[in-house]
Amino acid sequence: MSMLHKAQASKIKGVNPESRTLTAVISTETQDREGDIIRAAGWDLASFQKNPVIPWAHNYDGLPVAKATRVWVEGASLMAEIQFPPEGDA
């Protein structure tokens, strides 16, 4: 079985430097370059929320660079609040 990788540019909605968080649109119902559309109502986030890590460039073989502290559907968008570790932590 082969794995298909797809990418979508996120839209940052807000940044909080003190808490090292940002809020972003991480998926929408717009058609991607392969012609696929994922409806917001179709997202099942239960498995992701058990370990909501954000890897660098979607590379799940590497270490995470942040964690999703909150993920939700807002209208036709999948939203996330993403928190980065304290400065200097590796």
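Placed above this text is the structure.
Described in the following lines is the structure provided in the data block.

Calculation criteria
- Residues numbered from 1 in each chain as written.
- Predicted model: local features only at pLDDT ≥ 70, side-chain atom pairs only at ≥ 80, totals over all residues.
- Heavy atoms only, no water.
- Core = buried A, V, L, I, M, F, W, Y, C linked by side-chain atoms within 4.5 Å.
- Buried < 20%, exposed > 50% of the residue type's maximum accessible area, 1.4 Å probe, protein only.
- Helix = DSSP H or I, 4+ residues; strand = E, 2+ residues; numbered from the N terminus.
- Contact = heavy atoms within 4.5 Å.
- Pairing = 2+ DSSP bridges.
- Axes fitted to C-alpha atoms, helices over the stretch in contact; angles between N-to-C directions.
- Phe/Tyr/Trp six-rings, centres within 6.5 Å; stacked < 30°, edge-to-face > 60°.
- Lys NZ or Arg CZ within 6 Å of the ring centre and 35° of its normal.

### Observations regarding the nonpolar core
Then, in step 1: In terms of nonpolar packing, the biggest core is built from nine residues, these being Leu-22, Ala-24, Leu-45, Ala-66, Ala-68, Val-71, Leu-78, Ala-80 and Ile-82.
Then, in step 2: Residue assignment for this core shows that the elements contributing at least two residues are strand S2 (21–28), strand S4 (64–74) and strand S5 (77–83).
Then, in step 3: Every residue in contact with Leu-22, bar those within four places of it in the chain, is listed here: Ile-12, Gly-14, Val-15, Ala-80, Glu-81, Ile-82 and Phe-84.

### Re the sheet that holds S4
Then, in step 1: Across the sheet, five strands lie side by side as S1-S2-S5-S4-S3; this open sheet has antiparallel pairing. If you trace the sheet from one side to the other, it starts and ends with strand S1 (11–16) and strand S3 (53–55), each paired once. Across the sheet, the mean angle from the axis of one strand to that of its neighbour is 35°, orientation sign disregarded.
Then, in step 2: Note: S4 against S5, seven bridges, orientation antiparallel. Across the sheet, the residue bridging to Trp-72 is Met-79, located in S5.

### Focus: the pairing of S1
Then, in step 1: The element S1 is barely covered by neighbouring structure, given that only zero of its six residues are classed as buried.
Then, in step 2: Note: S1 against S2, five bridges, orientation antiparallel. Note on S2: the bridge partner recorded for Lys-11 is Val-25.
Then, in step 3: Connecting the antiparallel pair S1 and S2 is a turn made up of four residues, with Arg-20 showing a positive phi of about 55°.

### Quick look at the packing of aromatic side chains
Then, in step 1: Applying the stated rule across the entire model yields zero aromatic pairs.
Then, in step 2: In this arrangement the basic side chain of Arg-70 is found over the ring face of Trp-72, its NZ or CZ atom lying 3.7 Å from the centre.

### Considerations on the environment of Met-79
Then, in step 1: Along the chain, Met-79 falls in strand S5.
Then, in step 2: Once the C-alpha coordinates of Met-79 and Thr-28 are considered, the two residues, 51 residues apart in sequence, prove to be 9.0 Å apart.
Then, in step 3: Not counting the four nearest positions on each side in its chain, Met-79 is found in contact with Lys-13, Thr-23, Ala-24, Val-25, Ile-26, Arg-70, Val-71, Trp-72 and Glu-74.

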